[in-house]
Amino acid sequence: MTAFASKIHMPAYSPRLKRPHSNTEILNSGKTYKSDISAHPCDLSVALARHLIDILKQHQSGSLIDSKSLCNSSGFIKFSLNVCALQKVELKDLSPQERTIFFVNIYNVLNIHTYLIKGEPRNLTERKEILNHQYYIGSQGYSARAIYGILRGAEDSGSSGNLETHPKEETQCHVDPRIHFCLFSGTNNSPIFRPYSRDHFFEDEIKEQSTLFLDQHLDLRSTRYEIWLPGFLKSYAGDFPKGLVPVLEEHTGRSEVKKFLKKYQDNCEIKFSENAYDKIPYVK
């Protein structure tokens, strides 16, 4: 299974891209006829994710990405043309389950695309603006902020992406709170970047990714009867109808956590860590 776990940082040998941050920019406004991808929207989203992963691997040095070299490469130029194929997508023709898979992949691709061409954000304002950049999907612009809200089933996804501006028949998704374990954010505690397929997402992939994320980022402090999770989940704990403990019970692959929950689930406390990245809200 192809996955990309490295964070996108600007390495010492790659100067910062000289492209200023702006509040909103459409990143796939090129001519659609130049795109050579024609597929089901879910398969298109997978193809774009895989293409971007291949490019990232080609320009990776350790855990760093040479963004300047990448953005000048023939592979990235081709990706920039292929992503214009999203302008041809008819979201209304998809099922709610297919829209979820499509939007998860496109959210991740859009976030990394923005990081690459804008550079790593230098302050809180720029980090918030990362989510304001958009792709044309069909005839409408969708920001990462709007897509996150759509996937959560939220009524309002924020200042640059109010769901009221998008037709309901294009945005109704199958809401599954475990998507929080699948969405790449660029933070220290971000889930990995990987493609999700329409044939296996709800059957296998979302479960695998939930286990991978939780086992990597869960901190068990048994002497205090505490389980610590990444800070960004604090804002979305309410998305899990039965709370986070049943999710941990179902998805953790760590035997010591399973034993702890079986014995102390009624007495344990879920807490959330904070660091410089987690304190910056990605969706608010």
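What you see is a predicted model, and the numbers here were worked out from it, not measured in a lab.

### Description of the overall build of the protein
Right, on to step 1. Looking only at helices and strands, the protein has ten helices and seven strands in total.
Right, on to step 2. A buried classification covers 55% of the 284 residues belonging to the protein.
Right, on to step 3. Approximately 13000 Å² of the protein is accessible, and the part contributed by carbon and sulfur atoms is 46%.

### With respect to the packing of aromatic side chains
Right, on to step 1. Counted by the stated rule, this structure contains 13 aromatic pairs.
Right, on to step 2. Taken together through their ring pairs, the aromatic side chains of Phe181, Phe213, Phe232 and Phe240 make up a single cluster.

### A short note on the sheet that holds strand β6 (residues 226-229)
Right, on to step 1. Strand order in the open sheet formed by three strands is β5-β6-β7, and the pairing between neighbours is mixed. Where the open sheet ends on each side, the last strands, each with one partner, are β5 (219-221) and β7 (269-272). Each strand of the sheet is rotated relative to its neighbour by a mean of 25 degrees, with strand direction disregarded.
Right, on to step 2. Of the strand pairs in this sheet, β5 and β6 are connected by three bridges, and their pairing is antiparallel. Within the sheet, the bridge partner assigned to arginine 221 lies in β6 and is glutamate 226.

### What about the nonpolar core?
Right, on to step 1. Of all hydrophobic cores here, the largest spans 70 residues; its most connected members are Phe102, Phe103 and Tyr135.
Right, on to step 2. Apart from the residues lying within four places of it in its own chain, the contact partners of phenylalanine 102 are Pro41, Cys42, Ser45, Leu86, Val89, Leu91, Leu94 and Ile137.

### Considering the environment of glutamate 25
Right, on to step 1. Following the sequence through the fold, glutamate 25 ends up in the segment before α1 (41-58).
Right, on to step 2. Note: C-alpha distance between glutamate 25 and histidine 133 (108 residues apart in sequence) is 4.9 Å.
Right, on to step 3. Side-chain polar atoms of glutamate 25 contact the side chain of lysine 118, separated by 2.6 Å.

### Some words on empty space enclosed by the protein
Right, on to step 1. This structure, assessed with the given rule, holds one cavity of 30 Å³ or more.
Right, on to step 2. As a volume, the largest cavity reaches approximately 30 Å³.
Right, on to step 3. Looking at the largest cavity, the residues that line it are Ser190, Pro191, Ile192, Gln209, Leu212, Phe213, Gln216 and His217.
Right, on to step 4. Split into classes, the residues belonging to the lining of the largest cavity amount to four nonpolar, four polar and no charged.

### A few points about the side chain of serine 210
Right, on to step 1. Note on placement: serine 210 falls in helix α8 (residues 201-217).
Right, on to step 2. Dropping the residues within four chain positions of it, serine 210 is found in contact with Arg178, Phe181 and His251.

### Regarding unusual backbone geometry
Right, on to step 1. The residue tyrosine 225 is not glycine, and still its phi comes out positive at about 60 degrees.
Right, on to step 2. Residue placement: tyrosine 225 occurs in the loop between β5 and β6.
Right, on to step 3. You can call tyrosine 225 partly exposed: its relative accessible area is 37%.

### Structural notes on the environment of phenylalanine 240
Right, on to step 1. By secondary structure assignment, the location of phenylalanine 240 is in the loop between β6 and α9 (244-251).
Right, on to step 2. Expressed as a C-alpha distance, the spacing of phenylalanine 240 and aspartate 176, which sit 64 residues apart in the sequence, is 8.5 Å.
Right, on to step 3. Leaving out residues up to four positions away in the same chain, phenylalanine 240 has contacts with Pro177, Arg178, His180, Phe181 and Val247.

### Regarding helix α3 (residues 74-82)
Right, on to step 1. All of the buried residues in α3 are Gly75, Phe76, Phe79 and Asn82. In a view along the axis of α3, the buried residues occupy a sector of 120 degrees, so they form one face of it.
Right, on to step 2. Tucked into the core, α3 has its buried residues touching α1, α2 (67-71), α4 (96-118) and β3 (134-137).

### As for the environment of glycine 138
Right, on to step 1. Mapped onto the elements of the fold, glycine 138 is located in the loop between β3 and β4 (140-143).
Right, on to step 2. A C-alpha to C-alpha distance of 9.7 Å links glycine 138 and glutamate 170, two positions 32 residues apart in sequence.
Right, on to step 3. Leave out the neighbours within four places in its chain, and glycine 138 touches Leu86, Gln87 and Val89.

### Notes on the pairing of β4
Right, on to step 1. In this structure, β3 lies alongside β4, joined through four bridges in antiparallel fashion. Considered in β4, the bridge of tyrosine 135 is made with tyrosine 142.
Right, on to step 2. Turn length for the β3-β4 hairpin, with the two strands adjacent in sequence and antiparallel, is two residues, and the turn residue glycine 138 shows positive phi of about 65 degrees.

### A look at the confidence of the model for the protein
Right, on to step 1. Averaged over the protein, the pLDDT score is 84; the fraction of residues at 70 or greater is 82%.
Right, on to step 2. Low pLDDT, under 50, characterises residues 5-21; the stretch is placed with 58 contacts to residues that sit more than four places away or in other chains.
Right, on to step 3. Predicted confidence is poor over residues 278-284, with pLDDT under 50, and the contacts of this stretch with residues over four places away or in other chains come to 24 contacts.

The rules behind the values
- Residues numbered from 1 in each chain as written.
- Predicted model: local features only at pLDDT ≥ 70, side-chain atom pairs only at ≥ 80, totals over all residues.
- Heavy atoms only, no water.
- Helix = DSSP H or I, 4+ residues; strand = E, 2+ residues; numbered from the N terminus.
- Buried < 20%, exposed > 50% of the residue type's maximum accessible area, 1.4 Å probe, protein only.
- Areas by Shrake-Rupley, 256 points an atom, 1.4 Å probe, with all protein chains shown as cover.
- Phe/Tyr/Trp six-rings, centres within 6.5 Å; stacked < 30°, edge-to-face > 60°.
- Pairing = 2+ DSSP bridges.
- Axes fitted to C-alpha atoms, helices over the stretch in contact; angles between N-to-C directions.
- Core = buried A, V, L, I, M, F, W, Y, C linked by side-chain atoms within 4.5 Å.
- Contact = heavy atoms within 4.5 Å.
- Polar contact = N/O pair within 3.5 Å; in protein donor to acceptor, adjacent residues only side chain to side chain.
- 1 Å grid on protein atoms, 1.4 Å probe; cavity = no way out; pocket = protein on both sides within 12 Å on 5 of 7 lines; lining within 4 Å.
- Points joined across faces, edges and corners; volume = space filled by probe spheres on them.
- Nonpolar A, V, L, I, M, F, W, Y, C, P; charged D, E, K, R; others polar.
- Arc of directions from axis to C-beta.
- pLDDT = per-residue confidence, 0-100.

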